[in-house]
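Architecture at a glance
Chain by chain, the residues run as shown.
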Amino acid sequence: MPEVLVISGKGGTGKTSLTGAFAQLATSKVICDLDVDAPDLHLLLHPEALEEHEFRSGNQAEIDPERCVACGLCAEKCRFDAIREVDGAFAVDPFKCEGCKLCVVLCPEQAVDFPQRYCGDWQISGTRLGPMVHAQLFPGEENSGRLVALLRGRARELADEQGLELILSDGPPGIGCPVISSLSGTDLAVIVTEPTPSGRHDLERVVELCTHFKVPAGVIVNKHDLNAEQTRAISDYCAQQGLEVLALLPYDPAMTEAMVKGLVITEYSDNGLASALKEAWQRIADKAGLGA
Amino acid sequence: MIVAVASGKGGTGKTTVSASLCSVWDTPVTAVDLDVEEPNLHLFLCPEISGSAKATLEVPRLDEGLCDACGKCSDVCQFKAISLFGDVLLAFPEMCHGCGACLEVCPQGALSPDHRELGEVLWGSSGDMGFVMGRLRVGEAMSPPLMRAVKKRLAELNSQRPGDVIIDCPPGVSCPAVNAVMDSDVILLVSEPTPFGLYDFTLAWEAFGPLNKPMGAVINRAGLGDGKLAAFCREKGIPILAELPFSREVAESYSQGQIVAQATPELNQAFRELAANTRELYLASQSKEAAHA
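Fair warning: this is a prediction, and the values are worked out from it, not measured in the lab.

The rules behind each value
In this convention, every chain numbers its residues from 1, walking through the sequence in written order. Written order decides the labels, with chains lettered from A and ligands numbered from 1. Given that this is a predicted model, residues contribute local features only at a pLDDT of at least 70 and side-chain atom pairs are listed and counted only at 80 or more, while totals for whole chains, interfaces and linings are drawn from all residues. The side-chain numbers reported here are obtained from all heavy atoms of the structure, hydrogens and water having been left aside. For helices the rule is a DSSP run of H or I covering at least 4 residues; for strands it is a run of E covering at least 2, with both sets numbered from the N terminus onward. The contact definition used throughout considers only heavy atoms, calling two residues in contact when any of these lie within 4.5 Å. All accessible areas in this document rest on Shrake-Rupley with a 1.4 Å probe, and a residue is counted as covered only by the protein chains that are shown. Only four residue types enter the tally: Lys and Arg on the positive side, Asp and Glu on the negative side, with His and both chain ends excluded. All charge positions are set by atom: Lys at NZ, Arg at CZ, Asp at CG, Glu at CD. Two strands form a pair only when DSSP identifies at least two bridges running between them. Lines fitted to C-alpha atoms define the axes here, with helix axes fitted over just the stretch in contact, and angles between the N-to-C directions of these axes take values from 0 to 180 degrees. For a helix, the expected span equals 1.5 Å multiplied by the number of residues minus one. Working definition: with a 1.4 Å probe on protein chains only, accessible area under 20% of the residue-type maximum means buried, over 50% means exposed, and in between means partly exposed. Accessible area that two parts lose when put together, evaluated with a 1.4 Å probe and summed over both, is termed the buried area. Basic side-chain nitrogens of Lys or Arg form a salt bridge, by our definition, when they fall within 4 Å of a carboxyl oxygen of Asp or Glu. Here a polar contact means two N or O atoms within 3.5 Å. Within protein one must be a hydrogen donor candidate and the other an acceptor candidate, and residues neighboring in sequence count only if both atoms are side-chain atoms. Lys, Arg, Asp and Glu make up the charged group, whereas Ala, Val, Leu, Ile, Met, Phe, Trp, Tyr, Cys and Pro make up the nonpolar group; the residues left over, Gly among them, are polar. Angles are sorted into four bins: roughly parallel if under 35 degrees, roughly antiparallel if over 145, roughly perpendicular if 65 to 115, and oblique for all others. Crossing handedness is read from the near helix: turned anticlockwise from the far helix by less than a right angle, it gives a left-handed crossing, and turned clockwise, a right-handed one. Take the buried Ala, Val, Leu, Ile, Met, Phe, Trp, Tyr and Cys residues and link them wherever side-chain atoms come within 4.5 Å; each set so joined is a nonpolar core.

Helix and strand content of chain A: 11 helices and 13 strands. If one aligns the C-alpha atoms of chain A with their principal axes, the spans along those axes are about 70 × 45 × 35 Å. Considering only contacts in chain A between residues 6 or more positions apart, those separated by 24 or more positions represent 77%. Accessible surface, chain A: about 11,100 Å² in total, of which carbon and sulfur atoms supply 48%. Here chain A carries 25 positive and 43 negative side-chain charges, and the mean point of each set is 4 Å from the other.

Moving on, we get to the sheet that holds strand 2 (residues 29–33) of chain B. Residue and element names in this part refer to chain B. Pairing within the open sheet is mixed, and its 9 strands lie in the order 3-6-7-2-8-1-9-10-11. Whereas interior strands pair on both sides, the edge strands pair on one side only; in this sheet they are strand 3 (48–62) and strand 11 (240–245). Between one strand axis and the next, the sheet turns by 20° as a mean value, whatever way the strands run. Where strand 9 (residues 186–191) meets strand 10 (residues 215–222), 5 bridges bridge the pair, whose relative direction is parallel. Within the sheet, the bridge partner assigned to Ile-187 lies in strand 10 and is Met-215.

This next bit is on helix 7 (residues 195–208) of chain B. Under the 1.5 Å per step criterion, the end-to-end length of helix 7 of chain B is 20 Å for 14 residues, consistent within 8% with the ideal 20 Å. Summarising burial for helix 7 of chain B: 10 of the 14 residues are buried, a large majority.

With that out of the way, let us pick up unusual backbone geometry. Residue Lys101(A) is not a glycine yet carries a positive backbone phi of 80°. For Lys101(A), the location among the structural elements is in the loop between strand 6 (89–92) and helix 4 (102–106). Given the relative accessible area of 26%, Lys101(A) is considered partly exposed. In this structure, Asn212(B) is a non-glycine residue whose phi angle is positive, near 55°. Mapped onto the secondary structure, Asn212(B) falls in the loop between helix 7 and strand 10.

Residue and element names in this part refer to chain A. In spatial order, the strands read 3-8-9-2-10-1-11-12-13; together these 9 strands make up an open sheet with mixed pairing. Looking at which strands have only one partner, the edges of the open sheet turn out to be strand 3 (48–59) and strand 13 (244–248). Neighbour-to-neighbour, the strand axes of this sheet turn through a mean angle of 20°, independent of strand direction. Across 5 bridges, the pairing between strand 11 (residues 188–193) and strand 12 (residues 217–221) is parallel.

Across the contact, 59 residues belong to chain B and 58 residues belong to chain A. Here chain B and chain A share an interface that buries about 5,100 Å² over both sides, 60% of which is from carbon and sulfur atoms. The interface formed by chain B and chain A contains 4 salt bridges. Inspection of the region where chain B meets chain A yields 20 residue pairs in polar contact (both at pLDDT 80 or more). Elements supplying a minimum of two residues to the side of chain B that touches chain A: helix 2 (41–45), helix 4 (101–105), strand 7 (129–136), helix 6 (175–181), helix 7 and helix 9 (248–255) of chain B. The greatest single-element share of the side of chain B that touches chain A, amounting to 7 residues, is contributed by helix 7 of chain B. For the side of chain B that touches chain A, the residue count by class is 29 nonpolar, 16 polar and 14 charged.

Considering all chains together, one arrives at 30 salt bridges over all chains under this definition. The partner of Glu244(A) in a salt bridge is Lys287(A), and the shortest N-O contact between them spans 3.5 Å. You can see Glu244(A) sitting in strand 13 and its partner Lys287(A) sitting in helix 11 (residues 272–287), a full 43 residues away along the chain. Among the ionic pairs, Asp26(B) bridges to Arg279(B), the shortest N-O distance being 3.7 Å. Of this pair, Asp26(B) sits in the loop between helix 1 (14–24) and strand 2 while Arg279(B) sits in helix 10 (residues 265–292), and the two are 253 residues apart along the sequence. Asp26(B) sits in the exposed class, given a relative accessible area of 64%. Classification of Arg279(B) by relative accessible area gives partly exposed; the value is 25%. Residues joined in a network through salt bridges with shared partners are Glu51(A), Arg154(A), Glu157(A) and Glu161(A).

Before going further, it helps to examine the packing of helix 7 of chain B against helix 8 (residues 228–236) of chain B. All names here are of chain B. For the pair helix 7 and helix 8, the least separation of the axes is 10 Å and the interaxial angle reads 25°. Comparing the axis directions of helix 7 and helix 8 gives the class roughly parallel. Regarding helix 7 and helix 8, the two cross each other, and that crossing is right-handed. Side by side, helix 7 and helix 8 meet where Leu-198, Phe-201, Thr-202 and Trp-205 of the first sit next to Lys-228, Leu-229, Phe-232, Cys-233 and Lys-236 of the second. Looking at the contact of helix 7 with helix 8 residue by residue, the classes come out as 6 nonpolar, 1 polar and 2 charged.

Our next topic: helix 1 (residues 15–25) of chain A. It helps to recall that an α-helix has 3.6 residues per turn; residues three or four apart then point in one direction. Most of helix 1 of chain A is tucked away, with 9 of its 11 residues classed as buried. Burial in helix 1 of chain A covers these residues: Lys15(A), Thr16(A), Ser17(A), Leu18(A), Thr19(A), Gly20(A), Ala21(A), Phe22(A) and Ala23(A).

This brings us to the pairing of strand 9 of chain B. Residue and element names in this part refer to chain B. Of all 6 residues that make up strand 9, 6 are buried, and the element is covered over most of its length. Of the two faces of strand 9, the one holding Val-186, Leu-188 and Val-190 and the one holding Ile-187, Leu-189 and Ser-191 are both buried throughout. In this structure, strand 1 (residues 2–6) lies alongside strand 9, joined through 4 bridges in parallel fashion. Its bridge partner being in strand 9, Val-5 is matched across the sheet by Leu-188.

Judged by nonpolar contacts, the single largest core of 45 residues is most densely connected at Val181(B), Leu189(B), Phe201(B) and Phe208(B). A total of 6 residues in this core trace back to one element, the largest contributor, which is helix 7 of chain B. Ranked by size, the runner-up nonpolar core spans 41 residues in total, among them Val36(A), Phe55(A), Ala155(A) and Ile191(A).

Take a look at the structure:
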């Protein structure tokens, strides 16, 4: 079953708005929001939870002041500078602790506890456009790569159970841990970019990442009419890299208007942008090997 | 003063605000790009790079001859970076967080420090402005240790040439973003007045609030969307330090790689006010601290 992932290297290029439109255009799919740090797709799809789960991953060191003899070995050995001495007492800074357990094993007094971390929640929901798997990490938490892997696994099971033929995911920004976790083993990456210097720069880095993980990719240039020259440069770059340009989409304030109303653009209007998106989706479906 | 320009999410105009704020800052300043996954600030400030260094992370190297497969290292490793298969030990350096636990617990001295490349740190100047950035190696998952290397370099540069620091932070509210704002004196949250913008702003406010640093909002593309973001700021007592109007003209000048504060006199004025308001917010927090002490 194909997995299509919409990514962009960076936020703000219109990834979520486009994923929402594709979710409306695709007929038989599980929708996934893999941006677990700052998910937004729910603002368009208004999911109602069918199942809710806690996400626990990794551990965090905690020094018990009763048992601690303030020898300072933990602070000396911690590579993350996560243990601080304040007025002779040692304490772990939860923002800096990576949960490596070194202090736990080194402490001569066994004064460091190592409870599991409750990092966030994830859920399976129903939406007007189909089932959706999504999550919210608690602010400041890590391990988003593991949560992404969990969501993808659950989406696949759900698609199997319900006989759905596609997993459509809104990806996280960047090229780091959560993106790598989203990308490995995906069938098609749809890269959304903008005709700006940063758009171009981020595109090149995320294309490199797709090449690294051998994931086929296509490119959508959003707001292409803001800068014809940059759009040409991006198209040339794509041609050089053998990447298909799936669509050139015009800048259209209707995209924001639809968002403010909590709708996806293809529900909100039937204008040029919406019809360009229909054509783009057809290309994506063909490329991903979908029957639709 | 260290100013962190953060946003909860990318695309709200963080880099636009960072570059513009640097360009109107009227005392010595160093611009820092801590969005090491997708650094963009250099595309607008066009710095002359005068130096660079590879940043690495310490990972274990195994001497098979010394290993007796006791499994202490794989038991302690929380990141599945070292595993015992039967009596064969395998290390996966790309999973390693560089904590050194395996090296500490190995009774045989079979593990020694090796290095994995994280990316590079680059520094230089743009006019009178200092400049530092990090660039994560594509395929590398862990940005916080590279960010630590950038901050270390910044501290060295700043000791030679003291001044204020403006940090362009990574998007999101997870570990890299919190890492970036952690050492700042003031946090500017850039957002746009749309439902996406408000949601991400709320997350950022929740994530950075516990750090107890003065926080101000910069509303970008004002006039687009609705008024709920400003209402949220009023309700939570977050001062709105600037409202930058949405205009297609600004979007076009950004697309040409221009610093928008230099595009029109109105925007220049708006960023000068933002700089002044940021300083005021910082000074107010300092005097509050002094009053407490």
